[in-house]
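Chains, contacts and geometry: an overview
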Amino acid sequence: MNAIDLRMGDCRILLKDIPDDSVDLVFTSPPYADSRKDSYGGIHPDHYVEWFMPIGRELLRVLKPTGTFVLNIKEKAVDGERHTYVIDLIKELRQQGWLWTEEYIWHKKNSYPGKWPNRFRDSWERLLQFNKKKHFAMYQEEVMVPVGDWSKSRLTNLSETDKTRDNSRVGSGFGKNISNWLGRDKVYPTNVLHLATECGNRSHSAAFPEALPEWFIKLFTKPGDCVLDPFLGSGTTAVVAHKLRRHAIGIEIKKEYFNIAAEALNVPLFSCMPNKRKTKEHSEIEVVHA
């Protein structure tokens, strides 16, 4: 049976209770700078890196050597230009010991049109991949996509060059053999995910679609692995992890969202006796296991 472990409180405190090297995937979207002020108080862009680094240290500790940390984040514009807090955070996380392995783009294919005096509406967000080691668990076949109509014309009449490895003309060391794709109905995806934003979840100010964590959970974990979201919100990551037969750990500081997540995961708060403890940093912490 897949475990569900929901914890209400400040992740800067509660992450300390999670054992070393015990988590296979951290997938999370922390409050963006100066965002969600009504829900989380907001963090000024100039202080964002300082605020996040203790969290990064704990995530580095709890993640397995073969695990992956995926951070959904987007820089904002301040005084007419993009703030550098995301870039600064990447650099500091590398200094902390993380490897910045890859960057994925979430293209919000249903974003509303709009413009500002010197820019257009944001229609994408970053998903930054960090690892502890260069060799990590990755199951690429789990996220393969249909080969597409291009194969009907491109693979019909292959040249002699298409049948051997054709090295790059610019000396990059990369190459391709088009004939390798003959007879295949699926191919590996790119690092751009074209997903609609979440329109049905009115319970949280910044809920992402289930398809977003689902893609990364399939890519970086297998059934029975452990998925952690230290900024759980209304529970999307944990819900998807549970559906995919992974163990789910979720931490949420707002009781309103914590209760929504517990309900979504069918954790009956009214019928259980949560553990509560006092700390200097946070008045009350609630832990629910299912």
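Residues numbered from 1 in each chain as written. Predicted model: local features only at pLDDT ≥ 70, side-chain atom pairs only at ≥ 80, totals over all residues. Heavy atoms only, no water.

A count of helical and extended segments in the protein chain gives 8 helices and 18 strands. Evaluated residue by residue, the protein chain yields a buried proportion of 44% over its 290 residues. A separation of at least 24 residues holds for 70% of the contacts in the protein chain among residues at least 6 apart in sequence. When the accessible surface of the protein chain is summed, it comes to about 15700 Å², and 51% of that surface belongs to carbon and sulfur atoms. (Helix = DSSP H or I, 4+ residues; strand = E, 2+ residues; numbered from the N terminus. Buried < 20%, exposed > 50% of the residue type's maximum accessible area, 1.4 Å probe, protein only. Contact = heavy atoms within 4.5 Å. Areas by Shrake-Rupley, 256 points an atom, 1.4 Å probe, with all protein chains shown as cover.)

Below, the discussion takes up the packing of helix H6 (residues 211-220) against helix H7 (residues 236-243). Interaxial distance between H6 and H7 falls to 9 Å at its minimum, and their mutual angle equals 50°. Relative to H7, the element H6 is oriented oblique. For the crossing formed where H6 meets H7, the hand is right-handed. On H7, the residues touching Pro213, Glu214 and Ile217 of H6 are Thr236, Thr237, Val240 and Ala241. Here the contact of H6 with H7 is composed, by residue class, of 4 nonpolar, 2 polar and 1 charged. (Axes fitted to C-alpha atoms, helices over the stretch in contact; angles between N-to-C directions. Parallel < 35°, antiparallel > 145°, perpendicular 65-115°, else oblique. Left-handed = near helix turned anticlockwise from the far one by under 90°. Nonpolar A, V, L, I, M, F, W, Y, C, P; charged D, E, K, R; others polar.)

Moving on, we come to the pattern of salt bridges. Working definition: two side chains of opposite charge can pair if their charged atoms are close together. Inspection of the entire model under this criterion finds 14 salt bridges. A salt bridge links Arg126 to Glu103; the nearest nitrogen and oxygen atoms lie 2.4 Å apart. Taken together, the residues span a long stretch of sequence, with Arg126 in strand E9 (residues 124-131) and Glu103 in strand E6 (residues 99-108) at a distance of 23 residues. Its salt-bridge partner being Lys108, residue Glu125 comes within 2.4 Å of it at the nearest N-O pair. Of the two residues, Glu125 sits in strand E9 while Lys108 sits in strand E6, which places them 17 residues apart along the sequence. (Salt bridge = Lys/Arg side-chain N within 4 Å of Asp/Glu carboxyl O.)

Here the focus is unusual backbone geometry. The backbone of Asp21 shows a phi angle near 50°, a positive value even though the residue is not glycine. Within the element layout of this structure, Asp21 appears in the loop between helix H1 (11-14) and strand E2 (23-28). Asp21 gets classed as partly exposed once you look at its relative accessible area, which sits at 40%.

Since the α-helix turns once every 3.6 residues, residues separated by three or four places project in the same direction. Between its first and last C-alpha, helix H4 (residues 85-96) extends 16 Å over 12 residues, near the 16 Å set by a 1.5 Å rise per residue. Buried residues along H4 sit in contact with helix H3 (48-62), strand E3 (63-73), E6 and E9. Following H4 by one or two positions, Gly97 adopts a phi angle in the positive range, close to 125°. (Expected span 1.5 Å × (residues − 1).)

Further remarks concern the nonpolar core. Phe52, Phe69, Ile73, Leu89 and Leu228 are the most contacted members of the largest nonpolar core, which totals 35 residues. For this core, the element with the most residues is H3, which contributes 9 residues. If near-sequence neighbours (up to four positions away) are discounted, Phe69 is found in contact with Val26, Thr28, Phe52, Leu59, Leu63, Trp98, Leu128, Gln129 and Phe130. In this structure, Val70, Phe216, Ala241 and Val267 belong to the second largest nonpolar core, which totals 32 residues. (Core = buried A, V, L, I, M, F, W, Y, C linked by side-chain atoms within 4.5 Å.)

To characterise two packed helices, one gives the angle between the axes of the helices and the distance between these axes. Look at H3 against H4: their axes get within 10 Å of each other, and the N-to-C directions meet at 35°. Considering the relative orientation of H3 and H4, their crossing is right-handed. Residues Tyr48, Val49, Phe52, Met53, Gly56, Arg57 and Leu60 of H3 touch H4, and the partners they reach there are Tyr85, Asp88, Leu89, Glu92, Leu93 and Gln96.

Another aspect to go through is the pairing of E3. Burial analysis of E3 places 8 of its 11 residues in the buried class, which makes it a mostly covered element. Pairing of E2 with E3, which is carried by 5 bridges, proceeds in the parallel orientation. When the sheet's bridge partners are listed, Leu25 is paired in E3 with Thr68. The pairing of E3 with E9 spans 6 bridges and is classified as antiparallel. Within E9, the position partnered with Ile73 by the bridge is Arg126. (Pairing = 2+ DSSP bridges.)

As a further point, take the confidence of the model for the protein chain. On average, the protein chain scores 83 in pLDDT, and the residues at 70 or more come to 73%. Confidence drops under a pLDDT of 50 for residues 270-285, and excluding neighbours within four residues, the segment shows 29 contacts in the predicted structure. (pLDDT = per-residue confidence, 0-100.)

Among the secondary structure elements, Lys134 is positioned in the loop between E9 and strand E10 (145-146). Look at Lys134 and you get exposed, because its relative accessible area is 71%. For the pair Lys134 and Thr66, spaced 68 residues apart in the sequence, the C-alpha separation amounts to 8.7 Å.

The full count for this structure, using the stated rule, is 14 aromatic pairs. Summarising the aromatic geometry, the rings of Phe216 and Phe220 are spaced 6.4 Å apart at their centres and angled 15° between planes, so their arrangement reads as stacked. Of the two residues, Phe216 and Phe220 both sit in helix H6, 4 residues apart, roughly one turn of that helix. As far as burial versus exposure is concerned, Phe216 and Phe220 are alike and both buried. Ring-pair connections join several aromatic residues into one group, and the members of that group are Phe27, Tyr104, Phe136, Phe208, Trp215, Phe216 and Phe220. (Phe/Tyr/Trp six-rings, centres within 6.5 Å; stacked < 30°, edge-to-face > 60°.)

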